[in-house]
Amino acid sequence: MKQKESVIVGISVGDLNGIGPEIIIKAYEDPRSLELSTPVIFASGKTMQFFKNHFKSKINFFNIDTLDKIAIGKVNVVNVWNEAVNIDFGKNDKTIGEYAIKSLVAATNALKEGSIDVLVTAPINKQNIQSDTFNFPGHTDYLAKALNGKSLMFMVSDALRVGLLTDHVPLKDASSTITESLIKEKIATVMKSLKQDFGIRKPKVAILAINPHAGDNGVIGNEDDTVLKPALEKIKSDGSLVYGPYSADSFFGSNTYKNFDAIIASYHDQGLIPFKTIAFGQGVNYTAGLDKVRTSPDHGTAYEIAGKGIADESSMKQAIYTAIQIFKQRDEYNHYSKNPLKKTSR
């Protein structure tokens, strides 16, 4: 099976007052980065030229107005807007949020149409993107609707993969949100992703408890006994290697996580605090459960250092690399799934 020589990586520019444009530029400053992929930045030539000048970068942009003009082996910038944009580094600006959404929507449409192969999203500010036409807590929920899938926030690195039962849900609502159907859906999504996106034939997955000490037999809440454990028993009955629920407080410190291909946390901070402690800067936010590939760095807009030229592009580079690897792995998985080896008689 022949792989694509150059994967087309669409990049939404994120919050222009944050570090997104800086880490995008740094990720592609070295011409060798173009050997694996061809980037298409959804912004405008004028805007990206401003950042090039500000950061004194030597990067060369190839400006295009339509996606049929993408040049392989160049850093393409497609003009989503043409007017000059007022950049005020570190400021939370509603107008800047509107540009972030223009970039995201244009990139998502290109992904749906097949003009780009994968999508990498630079960080946005979840507050300034809200409007009557965009009412989502973040990228993951928007992409689930735009791409008609059941998305799952999957934080991945070489050392650790963490999925979430609930993501951008207030903590007071997390336990009531967790139902048997949700547990089955999220575990199935993680299992499928581990097989098709990461090439793991028989994945082992651990589930973290909802309550401290898994409820201590009902002393500290009964959700683990009444909801989580029964659901896991049903899932195990089909042969899935699913284990838990584990008490979250000692799970990572004891290195138990190293025995599994992925961990599913019950709520956002239960999973992301240990993930970012172990893998920060090398981790990637991957949206599993969609028929398209989307990744993002594992950090936010970092307003406090925006414009200073000191942002670390490591996670952006890793997001790009991971998107390419998943795209190729999924392509290979789909090929061999459609063309299984024929059994031979002896």
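Heads up: the structure comes first, above all this text.
A brief report on the enclosed structure follows. Predicted, not measured: the structure shown is a model, and the values here were computed from it. (Residues numbered from 1 in each chain as written. Predicted model: local features only at pLDDT ≥ 70, side-chain atom pairs only at ≥ 80, totals over all residues. Heavy atoms only, no water.)

1. Let's talk about the pattern of salt bridges
And then number 1: Here the structure, examined in full by the defined rule, presents ten salt bridges.
And then number 2: Lys-236 is paired through a salt bridge with Glu-233; the nearest N and O atoms lie 3.6 Å apart. Taken together, the residues span about one helical turn, with Lys-236 and Glu-233 both in helix H7 (residues 223-236) at a distance of three residues.
And then number 3: The salt bridge involving Glu-313 is made with Lys-317; its shortest N-O contact spans 3.9 Å. (Salt bridge = Lys/Arg side-chain N within 4 Å of Asp/Glu carboxyl O. Helix = DSSP H or I, 4+ residues; strand = E, 2+ residues; numbered from the N terminus.)

2. Regarding the nonpolar core
And then number 1: Core analysis: the largest hydrophobic core is formed by 65 residues, its most contacted members being Leu-16, Tyr-28, Met-48, Phe-154, Ile-183 and Ile-187.
And then number 2: Ranked by residue count, the leading element in this core is helix H10 (residues 314-338), at seven residues.
And then number 3: Excluding residues within four positions of it along the chain, Tyr-28 makes contact with Val-9, Ile-11, Ser-33, Leu-34, Ser-37, Pro-39, Ile-59, Val-75 and Ile-320.
And then number 4: By size, the runner-up hydrophobic cluster in this structure holds 23 residues, among which are Ile-70, Ala-110, Phe-134 and Leu-147. (Core = buried A, V, L, I, M, F, W, Y, C linked by side-chain atoms within 4.5 Å. Buried < 20%, exposed > 50% of the residue type's maximum accessible area, 1.4 Å probe, protein only. Contact = heavy atoms within 4.5 Å.)

3. Brief notes about the packing of aromatic side chains
And then number 1: Tallying each qualifying case throughout the model produces 17 aromatic pairs.
And then number 2: Seen in terms of ring centroids, Phe-136 and Tyr-142 are 5.5 Å apart; in terms of plane orientation they differ by 75°. Their pairing is edge-to-face. Like Phe-136, the residue Tyr-142 is buried in the burial classification.
And then number 3: One aromatic cluster is present, built from ring pairs that chain together Tyr-243, Tyr-246, Phe-251, Phe-252, Tyr-257 and Phe-260.
And then number 4: We note Arg-161 situated over the ring of Phe-198; from NZ or CZ to the ring centre the distance is 4.9 Å.
And then number 5: Taking the ring centre of Phe-260 as reference, the NZ or CZ of Lys-204 above it sits at 5.6 Å. (Phe/Tyr/Trp six-rings, centres within 6.5 Å; stacked < 30°, edge-to-face > 60°. Lys NZ or Arg CZ within 6 Å of the ring centre and 35° of its normal.)

4. A short note on the side chain of Lys-26
And then number 1: One can find Lys-26 in helix H1 (residues 20-28).
And then number 2: In terms of polar contacts, Lys-26 uses its side chain to reach the side chain of Glu-22, at 2.7 Å.
And then number 3: One polar contact links the side chain of Lys-26 to the main-chain carbonyl oxygen of Ala-311, over a distance of 2.8 Å.
And then number 4: Contacts of Lys-26, omitting those with residues within four sequence positions, involve Gly-309, Ile-310, Ala-311, Glu-313 and Lys-317. (Polar contact = N/O pair within 3.5 Å; in protein donor to acceptor, adjacent residues only side chain to side chain.)

5. Here's the deal with the pairing of strand E2 (residues 37-43)
On any regular strand, side chains alternate: one points to one face of the sheet, the next to the other face.
And then number 1: With seven of its seven residues buried, E2 lies for the most part within the structure.
And then number 2: Neither face of E2 is open: one carries Ser-37, Pro-39, Ile-41 and Ala-43, the other Thr-38, Val-40 and Phe-42, and all of them are buried.
And then number 3: Once you follow strand E1 (residues 7-12) into H1 and on to E2, the crossover reads as right-handed.
And then number 4: For E2 and strand E4 (residues 75-79), the ladder comprises four bridges, and the chain directions are parallel. Directly across from Ala-43, in E4, lies its bridge partner Asn-79. (Right-handed = clockwise from strand over helix to strand, strands pointing away. Pairing = 2+ DSSP bridges.)

6. Some points on the packing of helix H3 (residues 94-113) against helix H4 (residues 139-146)
And then number 1: As a packed pair, H3 and H4 sit with axes 11 Å apart at the nearest point and diverge in direction by 40°. Taken as axis vectors, H3 and H4 run oblique relative to one another. Between H3 and H4 lies a crossing of right-handed hand. Across the interface between the two elements, Leu-104, Val-105, Thr-108 and Lys-112 from H3 touch His-139, Tyr-142, Leu-143 and Ala-146 from H4.
And then number 2: Of the residues contributing to the contact of H3 with H4, the split by class is five nonpolar, two polar and one charged. (Axes fitted to C-alpha atoms, helices over the stretch in contact; angles between N-to-C directions. Parallel < 35°, antiparallel > 145°, perpendicular 65-115°, else oblique. Left-handed = near helix turned anticlockwise from the far one by under 90°. Nonpolar A, V, L, I, M, F, W, Y, C, P; charged D, E, K, R; others polar.)

7. Regarding H10
And then number 1: In this model H10 runs 36 Å from its N-terminal to its C-terminal C-alpha over 25 residues, within 8% of the 36 Å that 1.5 Å per residue would give.
And then number 2: All of the buried residues along H10 are Ser-315, Met-316, Gln-318, Ala-319, Ile-320, Thr-322, Ala-323, Ile-324, Ile-326, Phe-327, Lys-328 and Arg-330. (Expected span 1.5 Å × (residues − 1).)

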